[in-house]
Amino acid sequence: MLKHRRALAWLVALACIAGAVIALFDIETPLRPFLISLFLLVVPGAAVVGLLRDRDPLAALSVGAAASLVLNVLLAQAMLLFGAWSPRAGVATVAVLGGFMYVLRVLYRGKSMQTQQGAR
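Residues numbered from 1 in each chain as written. Predicted model: local features only at pLDDT ≥ 70, side-chain atom pairs only at ≥ 80, totals over all residues. Heavy atoms only, no water.

Here's the deal with the overall build of the chain
Secondary structure summary: the chain contains four helices and zero strands in total. Taken from N to C terminus, the helices and strands of the chain fall in the order α-α-α-α. With the C-alpha coordinates of the chain rotated into their principal frame, the extents come out at 55 × 35 × 25 Å. Per-residue burial over the chain gives 22% buried out of 120 residues. (Helix = DSSP H or I, 4+ residues; strand = E, 2+ residues; numbered from the N terminus. Buried < 20%, exposed > 50% of the residue type's maximum accessible area, 1.4 Å probe, protein only.)

Structural notes on the environment of Trp85
Examined against the element boundaries, Trp85 turns out to sit in the loop between α3 (57-81) and α4 (87-119). Note on Trp85: relative accessible area 51%, which makes it exposed. A sequence separation of 21 residues divides Trp85 from Gly64, and the C-alpha atoms of the two residues are 25 Å apart. If sequence neighbours within four positions are ignored, Trp85 has contacts with Ala76, Met79 and Leu80. (Contact = heavy atoms within 4.5 Å.)

Some details on helix α2 (residues 32-51)
Here α2 is 20 residues long and its end C-alpha atoms lie 29 Å apart, about the 28 Å a rise of 1.5 Å per residue gives. Of all the residues in α2, the buried ones are Leu35, Ile36, Phe39, Val43, Pro44, Gly45, Ala47, Val48 and Gly50. (Expected span 1.5 Å × (residues − 1).)

Side note on the UniProt feature "transmembrane region" (unreviewed entry) in the chain
UniProt's feature table lists "transmembrane region" (unreviewed entry) at residues 33-52, 59-83 and 89-108, given in the numbering used throughout. Taken end to end, residues 33-52 has its terminal C-alpha atoms 29 Å apart, with 95% of it in helix and 0% in strand. Between the C-alpha atoms that bound residues 59-83 the distance is 36 Å, and the span itself is 92% helix and 0% strand. (UniProt positions renumbered as here; feature names shortened; annotations may be inferred.)

Comments concerning the nonpolar core
By size, the foremost hydrophobic cluster in this structure holds 13 residues, and its most contacted members are Ile36, Phe39, Val43, Val91 and Val94. Of all the elements in the fold, those that place two or more residues in this core are α1 (2-24), α2, α3 and α4. Take this core: its biggest share by element is five residues, from α1. Excluding its chain neighbours within four sequence positions, the residues that come into contact with Val91 are Ala20, Ala23, Leu24, Ile36, Phe39 and Leu40. (Core = buried A, V, L, I, M, F, W, Y, C linked by side-chain atoms within 4.5 Å.)

Side note on a nonpolar patch on the surface
Taken together, the side chains of Trp10, Leu14, Ile17, Val21, Leu24, Phe25 and Ile27 present a nonpolar region at the surface, about 720 Å² in accessible area. Here Val21 is to be found in helix α1. (Patch = residues over 30% accessible without salt bridge, like charges linked within 9 Å, V, L, I, M, F, W, Y side chains within 5 Å. Areas by Shrake-Rupley, 256 points an atom, 1.4 Å probe, with all protein chains shown as cover. Salt bridge = Lys/Arg side-chain N within 4 Å of Asp/Glu carboxyl O.)

With respect to the packing of α1 against α2
As a packed pair, α1 and α2 sit with axes 8 Å apart at the nearest point and diverge in direction by 115°. Judged by the inter-axis angle, α1 sits roughly perpendicular to α2. The two elements α1 and α2 meet at a crossing, and its hand is left-handed. Mapping the contact onto sequence places Val12, Ala15, Cys16, Ala18, Gly19, Ala20, Ile22 and Ala23 in α1 and Arg32, Leu35, Ile36, Leu38, Phe39, Val42 and Val43 in α2. Of the residues assigned to the contact of α1 with α2, the class counts are 13 nonpolar, one polar and one charged. (Axes fitted to C-alpha atoms, helices over the stretch in contact; angles between N-to-C directions. Parallel < 35°, antiparallel > 145°, perpendicular 65-115°, else oblique. Left-handed = near helix turned anticlockwise from the far one by under 90°. Nonpolar A, V, L, I, M, F, W, Y, C, P; charged D, E, K, R; others polar.)

Overview of α1
For α1, which comprises 23 residues, the first-to-last C-alpha distance of 33 Å matches the rise-based estimate of 33 Å (1.5 Å per residue) to within 8%. Listing the buried residues of α1 in full gives Ala15, Cys16, Gly19, Ala20, Ile22 and Ala23. Remark: Asp26 follows α1 within two positions and exhibits a positive phi of approximately 55°.

Below, the structure written as structure tokens:
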């Protein structure tokens, strides 16, 4: 069971990376709409879910999906408001924010691991 979850996670991660690369380098492929949409919906949600450890899985998934939609809508609104609409910039911004949240997750988990080791 754990192997299947890990394989699925890697498959989704590779699909998201492919979606980002396709959007940033303007590669034409029939899978373009699916992969870019997958990237824009999964990356922010996964980053938020990673920050919500020790929570109910269904609640974390719901919050992650909502955060993903909110982030994408706010980014699109800001780009339209400032007259700077660019799909490439939107994908790059989502990637940077997702990476930033991943770094926060690593730092947060590293801090909690040190605290647990110190308590022993």
